There are 2 protein chains.
Amino acid sequence: MNCSIISVGTEILFGQIINTNAVYLSQQLNELGLNVYYHYTVGDNSDRLKETLAYAMSKSDLIITTGGLGPTQDDLTKEIIAKVVGKKLELHKPSYEKICKYFKNIKRPMNKNNLKQAYIPKDSIVLPNDCGTAPGFIIENDGKIIITLPGPPKEMRAMFDSYVKDYLRTKSECIIYSKVLRFFGIGESALETALTDLISNQTNPTIATYAKEGEVSVRITMKAENIDEANRGVELIIKEIKNRLSQYIYSYDDEELVEVVAKKLLEKECSISFAESCTGGLISSKLTSISGISKCLDRSIVTYSNEAKVQELGVSLNTLEKYGAVSEETAKEMALGLKEKTKSDLCLAVTGIAGPTGGTKEKPVGLVYIAIAYEGNVICNKYNIWGDRNKIRNYTTMLALNMIRLILK
Amino acid sequence: MNCSIISVGTEILFGQIINTNAVYLSQQLNELGLNVYYHYTVGDNSDRLKETLAYAMSKSDLIITTGGLGPTQDDLTKEIIAKVVGKKLELHKPSYEKICKYFKNIKRPMNKNNLKQAYIPKDSIVLPNDCGTAPGFIIENDGKIIITLPGPPKEMRAMFDSYVKDYLRTKSECIIYSKVLRFFGIGESALETALTDLISNQTNPTIATYAKEGEVSVRITMKAENIDEANRGVELIIKEIKNRLSQYIYSYDDEELVEVVAKKLLEKECSISFAESCTGGLISSKLTSISGISKCLDRSIVTYSNEAKVQELGVSLNTLEKYGAVSEETAKEMALGLKEKTKSDLCLAVTGIAGPTGGTKEKPVGLVYIAIAYEGNVICNKYNIWGDRNKIRNYTTMLALNMIRLILK
């Protein structure tokens, strides 16, 4: 079955909002084994909406629309669909009662416009809206299926997940199963080269690589009749990839690096502190985005000035003068000073030049040292990171998290 | 002139990437006074691309395509367009030489596929690609204009900004000018209510409100024959909005709150330090995203544990026991302790419960205290923030930045 997604809303055509609904629906439909052939976006305009709907119906078996179900005169989707398929709008009692209840709850008067949302084309399957007032619906007509969903992403997703998925599963002949492996420390092209024979021989499962802010991931996707068959096919490929590249893989389950690190810290009951310079608190703010990490994180000290490095971490003035704030020596003294002060099991220090200014020939923008004091040792890695200020700070954060991951193995 | 945007790429239909190109082009075209009526997305498929292109040409005067200009067999856009308008592909010498030079520079062999990118439909205006190898082009044919741009957003934007904008200006009869005011501390619906008469009487300029992560903004857009006329119209509205809501406006120039705060700190040569608990370094990492801020930021201490609050900031055990870590008393002692230690002009401390666990009836998740020690005083604000862990942390960061902005006035 092939599908078209029609997004209705003038604000998309103005570039005021990003069409994340089309992204979500595309992912979901593909996972259900349905082929998405077209996306259309059209404004809140009666003629153009009608014409686009008719065109999409001439091209696809399944049409999903989002948007245009609101209470105002601008919201036309339902009316146009009813016209195109030749069905009358009828009052849907349960939806009507729900809308009344909603307005009673928020203690605001309900007006005639709001009532409009309770009208649904005759003979449709009504889709309740658990996050808002506008119900959706499914119409089966002349061998075509039209599914109409609200525009706000939260409402649309909840409705799709709760009521549309199961319906569509009955229309798909197969299931699509996929797993995502996450890599750090290897570039996308190097990864592709290492897997080139697997990728070019791919039919089912398929293997695709993605790159995102210094990380790469591999999605292995299998179309099959049932989950067991799909699982077997995917695991076979994972085994082969693991044989070749296991040292770069930090998650076999599409987890973020920070989640993997937090899990490991909690599992090992390892207390941790940070001394950050160029990252300015980014490492600790990233780690503290994980709930429960207060069990492990003692503190983080952002020592931006040299004075702070001396006062907070006991870095010696001599080291700062002789080697500079961005040096292996300073990074190590920062980590050791932090250890002395906090007694945390693992103390990580970072110092570097995030740019765009402050670089020299010897110490260019992007030069970063990360030191870790752990179990009586202190190690320090030197990195040269290419990119703008934000990229350098973010990638340094990833490098720091990855060093923690490796040391806790 | 009305326009359609066609995005070419199977990865969009898979939901693997977000179609930011359509957003960018829509914004730009609207600003140029051109009406965007449709977005289409179609995969790398010869028949469907041809059919969509023909359909778009039947509906619009101007068609902009992005994507499908790469060197592989999958990349079909140019070939299909040439076919649809009945033009031959010809070798474009300057593009050919540029591609040769590019491969010489990166020291990789150039193959036949790469050469494909130097072929352009006859009689087109060639658009150089300053960020990659695939040139774009403009074809004027039968009263229609087709503009073909590469898919990678960086290449597409650079090409549009450098070569397409000026071309399109000659096709538009008017200009569109807009300004964005940014607000903090007022919700979108309260803002709309305060401006309801202006918004509902809008014709030209138009006034639109947007909400994004705790901030709201207002865009005032004017269509006019020249920039002076547009500017006059927009400024008149700004003056009226300022009369009503100036206390909430932090930027008349679409700047982020953190930029406004950093500018103010630098301008006043005000040194600053942070003591963060629930935000875990987010405030300082946000501020250090601004280049040059090292002139003002001394340090930030993330005191996650009670021990750290005592040891780093001299918070008294008595206060922690009597009032708890999340209290006005603790927040104030944190700010004062930080001041004592760092001597920074402005010391800000934050303590709160980011959740999802750790809340009680008296101190629920979302309870946050922010204290500032400045010019001999210490003030403390109490907030109850609604939302998940991330929202609470982000909104606390915004509140802290806004407090700094107000105190530096």
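Since we're looking at a predicted model, the values are computed, not measured.

> I would appreciate a short explanation of the domain arrangement of chain A in the present structure.
Accessible area lost when the parts come together is the quantity often used to give the size of an interface. All names here are of chain A. Each assigned domain of chain A is listed with its residue range as follows: domain 1 (2-169), domain 2 (175-251) and domain 3 (257-407). Taken together, the contact between domain 2 and domain 3 spans eight residues of the former and eight residues of the latter. For the domain 2 and domain 3 pair, buried surface summed over both sides reaches about 690 Å², with 66% attributable to carbon and sulfur atoms. Of the residues forming the side of domain 2 that touches domain 3, the biggest block, three residues, is contributed by strand β12 (residues 249-251). Across the side of domain 2 that touches domain 3, the residue classes break down as three nonpolar, three polar and two charged.

> Could you clarify how one ought to interpret the UniProt feature "domain: MoaB/Mog" (unreviewed entry) in chain A in this entry?
Following the UniProt record, the feature "domain: MoaB/Mog" (unreviewed entry) maps to residues 4-170 of chain A here. Across residues 4-170 of chain A one finds 44% helix and 23% strand; the C-alpha atoms that close the span lie 18 Å apart.

> Got a minute to help me understand the packing of aromatic side chains in this structure?
Between two aromatic rings, the relevant description is the distance of the centres plus the angle of the planes. Tallied over the entire structure, the rule returns 12 aromatic pairs over all chains. Seen from their ring centres, Tyr 24 of chain B and Phe 160 of chain B are 6.4 Å apart, and the 85 degrees between their planes marks the pair as edge-to-face. Here the residue Tyr 24 of chain B occupies a position in helix α2 (residues 20-31), and Phe 160 of chain B occupies one in helix α7 (residues 153-169), the gap between them amounting to 136 residues. The pair Tyr 24 of chain B / Phe 160 of chain B is uniform in exposure class, with both members buried. Ring centres 6.2 Å apart and planes at 75 degrees place the aromatic pair Tyr 40 of chain B and Tyr 55 of chain B in the edge-to-face group. Of this pair, Tyr 40 of chain B sits in strand β2 (residues 35-42) while Tyr 55 of chain B sits in helix α3 (residues 46-59), and the two are 15 residues apart along the sequence. By the burial criterion, Tyr 40 of chain B is buried, and Tyr 55 of chain B matches it. Of note, Arg 48 of chain A hangs over the ring of Tyr 37 of chain B, and the distance from its end group to the ring centre comes to 3.5 Å.

> What am I meant to see in the sheet that holds β12 of chain A here?
The strands that make up a sheet are held in pairs by hydrogen bonds between backbone atoms, and each pair lies either parallel or antiparallel. Residues and elements named next belong to chain A. Spatially, the four strands line up as an open sheet ordered β10-β11-β9-β12, and their pairing is antiparallel. In the strand order of this sheet, the two ends are held by β10 (206-212) and β12, each with one partner. Between one strand axis and the next, the sheet turns by 35 degrees as a mean value, whatever way the strands run. Pairing between strand β9 (residues 175-184) and β12: two bridges, direction antiparallel. The residue of β12 that forms the bridge with Phe 183 is Ile 249.

> Sorry, what's going on with the sheet that holds strand β1 (residues 2-8) of chain A here?
Strand order in the open sheet formed by 12 strands is β6(A)-β7(A)-β8(A)-β3(A)-β1(A)-β2(A)-β2(B)-β1(B)-β3(B)-β8(B)-β7(B)-β6(B), with mixed pairing between adjacent strands. The open sheet is flanked by β6 (125-127) of chain A together with β6 (125-127) of chain B, the only strands paired with a single partner. Averaged over neighbouring strand pairs, the angle between their axes works out to 15 degrees when direction is ignored. Sheet analysis places β1 of chain A next to strand β3 (residues 62-66) of chain A, joined by five bridges and oriented parallel. Its bridge partner lying in β3 of chain A, Ile 5 of chain A is registered against Ile 64 of chain A. Contacts between helix α2 (residues 20-31) of chain A and the sheet are confined to β1, β2 (35-42), β3 and β8 (144-149) of chain A, with β1 of chain A contributing the most and set at about 165 degrees to the helix. This element, helix α7 (residues 153-169) of chain A, spans β3, β6, β7 (136-141) and β8 of chain A of the sheet and lies at about 160 degrees to β8 of chain A.

> What is the right way to read helix α5 (residues 93-105) of chain A from this model?
Because each turn of an α-helix spans 3.6 residues, side chains separated by three or four positions end up pointing in the same direction. All names here are of chain A. Look at α5: 18 Å from first C-alpha to last across 13 residues, which is about the 18 Å you get at 1.5 Å a residue. Residues of α5 that are buried include every one of Ser 95, Ile 99 and Phe 103, and no others. The buried side chains of α5 occupy one side of the element, clustering within an arc of 70 degrees when seen end-on. Residues of α5 that are exposed and point over 90 degrees away from its buried face: Lys 93, Lys 101, Lys 104 and Asn 105. The inward-facing, buried residues of α5 contact α6 (112-115) and β6. The first or second residue beyond α5 is Lys 107, which carries a positive phi of 55 degrees.

> Can you walk me through the environment of Met 222 of chain B in this structure?
Residues and elements named next belong to chain B. By the element assignment, Met 222 lies in strand β11 (residues 215-224). Sequence separation between Met 222 and Ala 118 is 104 residues, and the spatial gap between their C-alpha atoms is 41 Å. Excluding residues within four positions of it along the chain, Met 222 makes contact with Ile 175, Ile 176, Tyr 177, Asn 204, Pro 205, Glu 229, Ala 230, Gly 233 and Val 234.

> Looking at this model, I keep getting lost on the relation of the copies chain A and chain B. Mind explaining?
Two copies of one chain are present, and they are related through a rotation about an axis combined with an axial shift. Superposition record for chain A on chain B: RMSD 0.3 Å, screw rotation 180 degrees, translation along axis 0.1 Å. Such a turn and shift between the copies fits a two-fold axis. The fraction of interface residues of chain A whose copies in chain B are also interface residues reaches 100%, indicating that both copies meet through the same surface.

> Looking at this model, I keep getting lost on the pattern of salt bridges. Mind explaining?
On inspection of all chains with the given rule, the structure shows 35 salt bridges over all chains. Of the charged contacts, one joins Glu 235 of chain A and Lys 179 of chain A as a salt bridge, the two residues approaching to 3.8 Å between their closest N and O atoms. Of this pair, Glu 235 of chain A sits in helix α10 (residues 227-245) while Lys 179 of chain A sits in strand β9, placing them 56 residues apart in sequence. Residue Glu 235 of chain A is classed as partly exposed on the basis of its relative accessible area of 33%. Bridged by salt links that share partners, the residues Asp 298, Arg 299, Glu 312 and Lys 341 of chain A together with Asp 298, Arg 299, Glu 312 and Lys 341 of chain B form one connected network.

> Would you mind going over the interface of chain A and chain B with me for this structure?
On the chain B side, the residues contacting the 56 residues of chain A number 56 residues. Between chain A and chain B, the buried area comes to about 4,700 Å², and carbon and sulfur atoms account for 49% of it. Our count for the contact surface shared by chain A and chain B stands at six salt bridges. Between Glu 312 of chain A and Lys 341 of chain B there is a salt bridge, and its shortest N-O distance comes to 3.0 Å. The tally of links from chain A across to chain B stands at 38 residue pairs in polar contact (both at pLDDT 80 or more). Among the secondary structure elements, those contributing two or more residues to the side of chain A that touches chain B are α1 (10-13), α2, β2, α3 (46-59), α12 (282-287), β14 (297-303), α13 (306-313) and α16 (389-407) of chain A. Grouping the constituent residues of the side of chain A that touches chain B by class yields 22 nonpolar, 25 polar and nine charged. Judged from the five bridges that link them, β14 of chain A and strand β14 (residues 297-303) of chain B form a sheet pairing that is antiparallel. When the bridges of β14 of chain B are listed, Arg 299 of chain A appears paired with Thr 303 of chain B.

What counts, and where the lines are drawn
- As a convention, each chain's residues are numbered from 1 in the sequence order in which they are written.
- Here every chain gets a letter starting at A, and every ligand a number starting at 1, in the order they are written.
- Restriction of local features to residues with pLDDT of at least 70 applies here, the model being predicted, together with a cutoff of 80 or more for giving and counting side-chain atom pairs; totals for whole chains, interfaces and linings are based on all residues.
- Processing note: side-chain calculations cover all non-hydrogen atoms of the structure and skip hydrogens and water entirely.
- Here the bounds of each domain stem from an automatic or database domain assignment.
- Should any heavy atoms of two residues lie within 4.5 Å, those residues are counted as being in contact.
- Note on definitions: buried area is the accessible-area loss of two parts on being combined, 1.4 Å probe, summed for both.
- Helix and strand assignments follow DSSP, with helices taken as H or I runs no shorter than four residues and strands as E runs no shorter than two, numbered in order from the N terminus.
- Classification convention: Asp, Glu, Lys, Arg as charged; Ala, Val, Leu, Ile, Met, Phe, Trp, Tyr, Cys, Pro as nonpolar; all other residues, Gly among them, as polar.
- UniProt positions are given in the numbering used here, feature names are shortened, and annotations may be inferred rather than shown by experiment.
- Aromatic rings from Phe, Tyr and Trp, with only the six-membered ring used for Trp, were paired whenever their centres fell within 6.5 Å, and each pair was classed as stacked if the ring planes differed by under 30 degrees, edge-to-face if by over 60, and tilted otherwise.
- Type-normalised accessible area, obtained with a 1.4 Å probe on protein chains alone, sets the label of each residue: buried when under 20%, exposed when over 50%, and partly exposed for intermediate values.
- Look at NZ for Lys and CZ for Arg. If either is within 6 Å of the ring centre and within 35 degrees of the ring normal, a charge sits over the ring.
- For two strands to be treated as a pair, DSSP must find at least two bridges joining them.
- Axis angles are defined between N-to-C directions and span 0 to 180 degrees, where every axis is a line fitted to C-alpha atoms and, for a helix, only to the segment in contact.
- By definition here, a helix of n residues has an expected span of 1.5 Å times n minus one.
- Of all possible arcs, the one meant is that of the directions from the helix axis to the C-beta atoms.
- Our superposition of the copies is a least-squares fit, built on the C-alpha atoms of residues whose pLDDT is at least 70 in both.
- Should a side-chain nitrogen of Lys or Arg be within 4 Å of a carboxyl oxygen of Asp or Glu, the pair is scored as a salt bridge.
- Polar contact criterion, stated in full: a pair of N or O atoms within 3.5 Å, where within protein one must be able to donate a hydrogen and the other to accept it, and residues adjacent in sequence count only if both atoms are side-chain atoms.

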